[in-house]
Amino acid sequence: EVSERISAIKRFENEYDELKGEQKWVRNSALMALALITLLVIFIAFWLAVYVARSIADPVQQLAQATERIKSGDLSYRAGVIGDDELAALALSFNEMTAELSENRRRLEQSASELQLINAALEERRRYIETVMQSLSAGVVSLDENRNVTMINEAARRLVRVGGVRAVGGALDS
């Protein structure tokens, strides 16, 4: 009976050694699977971070490019950001601002053109009045609101005995 027990103990010891060997293989397999899963998660996290970074950086870069184009004077350029997030709202506001700037510039140029036409007409009218006044035989003196002489014709110069351009711009009293 002791020998049977010794042989049973040896058999259990052999089974234990076999199970211990299998346990190392199972543990190594589990560690390898865990390492592969960890690498896969890191890889997915990296590509997700790159995607998110690009989804933020690309619209910002497009807005920066649009800003440079607007700064160089191209008010017809529009930022082409697509989406419904804060960057798309910023791009929409930027495009609206650019459209308003373009419209204001157009109005300003139109006003400047109209002012040039009006100034040209006023200058022509001033020259005509000056020509008419110089041809009058009666003495005529033109004054501004501060009673300074703005124009004096030749007949008035002879009457008040003032020569040259000295009288124009001076006060009426002098």
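Refer to the preceding data block for the structure.
Presented here is an overview of the structure given in this document. (Residues numbered from 1 in each chain as written. Predicted model: local features only at pLDDT ≥ 70, side-chain atom pairs only at ≥ 80, totals over all residues. Heavy atoms only, no water.)

## Points about the overall build of the chain
Counting its regular elements, the chain contains 3 helices and 2 strands. Listed N to C, the secondary structure of the chain is α-α-β-β-α in terms of helices and strands. For 174 residues, the compact-globule formula gives about 16 Å, and the C-alpha radius of gyration of the chain, at 48 Å, lies well above that figure. Taken along its principal axes, the extent of the C-alpha atoms in the chain is 160 × 30 × 20 Å. Counting only residues that meet the buried cut, the chain has 14% of its 174 residues in that class. For the chain, the distance from the average position of its 21 positive side-chain charges to the average position of its 25 negative side-chain charges is 10 Å. (Helix = DSSP H or I, 4+ residues; strand = E, 2+ residues; numbered from the N terminus. Rg over C-alpha atoms; globule rule 2.2 N^0.38 Å. Buried < 20%, exposed > 50% of the residue type's maximum accessible area, 1.4 Å probe, protein only. Lys, Arg positive; Asp, Glu negative; His and termini not counted. Charge placed at Lys NZ, Arg CZ, Asp CG, Glu CD.)

## With respect to the pattern of salt bridges
Under the defined criterion, the tally for this structure stands at 7 salt bridges. Across the salt bridge formed by E123 and R126, the nearest N and O atoms sit 2.5 Å from each other. In this pair, E123 and R126 are both assigned in helix α2 (residues 86-135), 3 residues apart and thus about one turn of the helix distant. For E123, a relative accessible area of 31% translates into the label partly exposed. Judged by relative accessible area, which is 39%, R126 ranks as partly exposed. With a shortest N-O distance of 2.7 Å, E130 and R126 are connected by a salt bridge. In this pair, E130 and R126 are both assigned in helix α2, 4 residues apart and thus about one turn of the helix distant. Here E130 falls in the partly exposed class, since its relative accessible area comes to 31%. (Salt bridge = Lys/Arg side-chain N within 4 Å of Asp/Glu carboxyl O.)

## Observations regarding the nonpolar core
One finds L63, A66, I70, L75, Y77, A79, V81, A88, A91 and F94 forming the largest nonpolar core, which totals 10 residues. Those elements giving two or more residues to this core turn out to be α1 (2-71) and α2. Residues in contact with A88, not counting those within four places in the same chain, are V81 and G83. (Core = buried A, V, L, I, M, F, W, Y, C linked by side-chain atoms within 4.5 Å. Contact = heavy atoms within 4.5 Å.)

It is worth stressing that arrangement in space is one thing and function is another; only the former is reported here.
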